[in-house]
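Given next are the chains, with one letter for each unit.
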Amino acid sequence: MTIIKNLLLSLLILVTTTLSLGWLTGAFAGPQNALNNDRLPYYYQQNLQAHWDTWASWQRIARFSLINQHGQEIDQTLLHHQPSFVGFFYAGCVTLCPISLEVLRELQTQTGRKKLMSPQFIMLTVTPEQDDTSTMVAYAKKLKLPSDWTLLTGSSQQMQKLTASLMTDINARASNGEPLHGQRAFLLDAQARIRGIYDASSMLEMRRMIRDYESLLQDQ
């Protein structure tokens with residue numbers, strides 16, 4: 001009798017564990033595509049695949065401790081107050097970075113015109129060994145970036161940890177040695193979860209960015 005009870009108990013534990021793991025990993029979640037979900041997805045994998053499952057909703061970008069353009073220490077709590085758009089730059093860039101920054105600046109203007117709660121705009125340098133606080137201040141002034149934007153730098157190791165969680169390799173270089181960071185921008189919710197990925201060099205993408213941002217605000 002004791003053997004049977006132990007077998008039943010073991011079977012119960014096995015079934016419970018299997019169901020729990022399935023729930024956590026989304027095995028029993030609905031179809032993983034936009035046609036079957038009316039909420040913004042979550043992103044956390046290098047292949048940039050969209051997810052709507054419970055496990056994906058638990059994924060957040062890496063904790064960090066960096067320095068802004070004013071020399072102030074900034075950590076991940078910056079992201080816990082309101083949604084944010086996060087992008088990349090390096091002060092030596094005179095081609096794609098200014099275009100992307102202009103798209104994001106226009107995005108901020110459009111959200112204001114629509115009377116939406118203003119998102120945060122956070123820019124991460126991909127050349128932290130070169131972009132110190134004075135360099136970032138000069139770059140922001142040169143491109144006339146809004147004063148409420150946050151530009152962040154830190155040690156190479158700190159930046160790599162953060163940007164890796166944003167699926168971006170800041171060590172990648174083009175054949176001419178220039179940083180090959182792409183022009184992605186990310187929409188983060190107020191829990192530091194990635195909810196949208198965009199081509200920040202395209203004005204056409206701005207429409208999708210605004211639409212997704214409105215959806216995120218409605219879902220909070």
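Model, not experiment: these values are computed from the prediction. (Residues numbered from 1 in each chain as written. Predicted model: local features only at pLDDT ≥ 70, side-chain atom pairs only at ≥ 80, totals over all residues. Heavy atoms only, no water.)

Caption draft 1: Spatial organisation of the nonpolar core. Residues Leu124, Leu166 and Ile194 are the most contacted members of the largest nonpolar core, which totals 54 residues. Ile194 has contacts with Pro41, Tyr42, Tyr43, Ile61, Ser165, Leu166, Met167, Phe186, Leu187 and Leu188, leaving out every residue within four places of it along the chain. (Core = buried A, V, L, I, M, F, W, Y, C linked by side-chain atoms within 4.5 Å. Buried < 20%, exposed > 50% of the residue type's maximum accessible area, 1.4 Å probe, protein only. Contact = heavy atoms within 4.5 Å.)

Caption draft 2: Layout of the packing of aromatic side chains. All chains considered together, the criterion is met by seven aromatic pairs. Through a chain of ring-to-ring contacts, the aromatic side chains of Phe85, Phe121, Trp149, Tyr198 and Tyr213 assemble into a single cluster. Positioned above the aromatic ring of Tyr42 is the side chain of Arg195, whose terminal nitrogen or guanidinium carbon lies 4.1 Å from the ring centre. (Phe/Tyr/Trp six-rings, centres within 6.5 Å; stacked < 30°, edge-to-face > 60°. Lys NZ or Arg CZ within 6 Å of the ring centre and 35° of its normal.)

Caption draft 3: A look at the side chain of Asp212. For Asp212, the location among the structural elements is in helix H6 (residues 203-219). By relative accessible area, which is 10% here, Asp212 ends up buried. Not counting residues within four places of it along the chain, the set of residues in contact with Asp212 comprises Leu40, Leu187 and Tyr198. (Helix = DSSP H or I, 4+ residues; strand = E, 2+ residues; numbered from the N terminus.)

Caption draft 4: Molecular detail of the sheet that holds strand S4 (residues 120-125). Here we have seven strands laid out as an open sheet, ordered S2-S1-S5-S4-S3-S6-S7, and mixed in their pairing. Edge strands, defined here as strands with exactly one partner in the open sheet, are strand S2 (73-75) and strand S7 (194-199). Strand-to-strand, the axes of this sheet are offset by a mean angle of 35 degrees, without reference to chain direction. Along the sheet, helix H3 (residues 96-113) makes contact with strand S3 (84-89), S4 and strand S6 (184-188), crossing S4 at roughly 170 degrees. (Pairing = 2+ DSSP bridges. Axes fitted to C-alpha atoms, helices over the stretch in contact; angles between N-to-C directions.)

Caption draft 5: Inspection of the packing of H3 against H6 at higher detail. Between H3 and H6, whose axes approach to 10 Å, the crossing angle comes to 45 degrees. Of the possible angle classes, the one that applies to H3 and H6 is oblique. In this structure, H3 crosses over H6, and the sense of that crossing is right-handed. Contacts between H3 and H6 involve Glu102, Val103, Leu104, Glu106, Leu107, Gln110 and Thr111 from the first element and Met203, Met206, Met209, Ile210 and Tyr213 from the second. (Parallel < 35°, antiparallel > 145°, perpendicular 65-115°, else oblique. Left-handed = near helix turned anticlockwise from the far one by under 90°.)

Caption draft 6: Spatial organisation of the state of the cysteines. For the structure shown, the criterion picks out zero disulfides. The thiol of Cys93 is unpaired, and the distance to the nearest cysteine sulfur, on Cys97, comes to 3.0 Å. A relative accessible area of 0% means that Cys97 is categorised as buried. (Disulfide = S-S within 2.5 Å.)

Caption draft 7: Examining helix H5 (residues 156-165) more closely. Taken together, the buried positions of H5 are Met159, Leu162, Thr163 and Ser165. Taken around the axis of H5, the buried residues stretch over an arc of 160 degrees, which confines them to a single face. The outward face of H5, more than 90 degrees from its buried face, is lined by the exposed residues Gln157 and Lys161. Residues of H5 that are buried make contact with strand S1 (65-68), S3, S4, strand S5 (150-153) and S7. Backbone geometry just downstream of H5 places Met167 in the positive-phi region, at approximately 55 degrees. (Arc of directions from axis to C-beta.)

Functional significance is not addressed by these values, which are geometric in nature.
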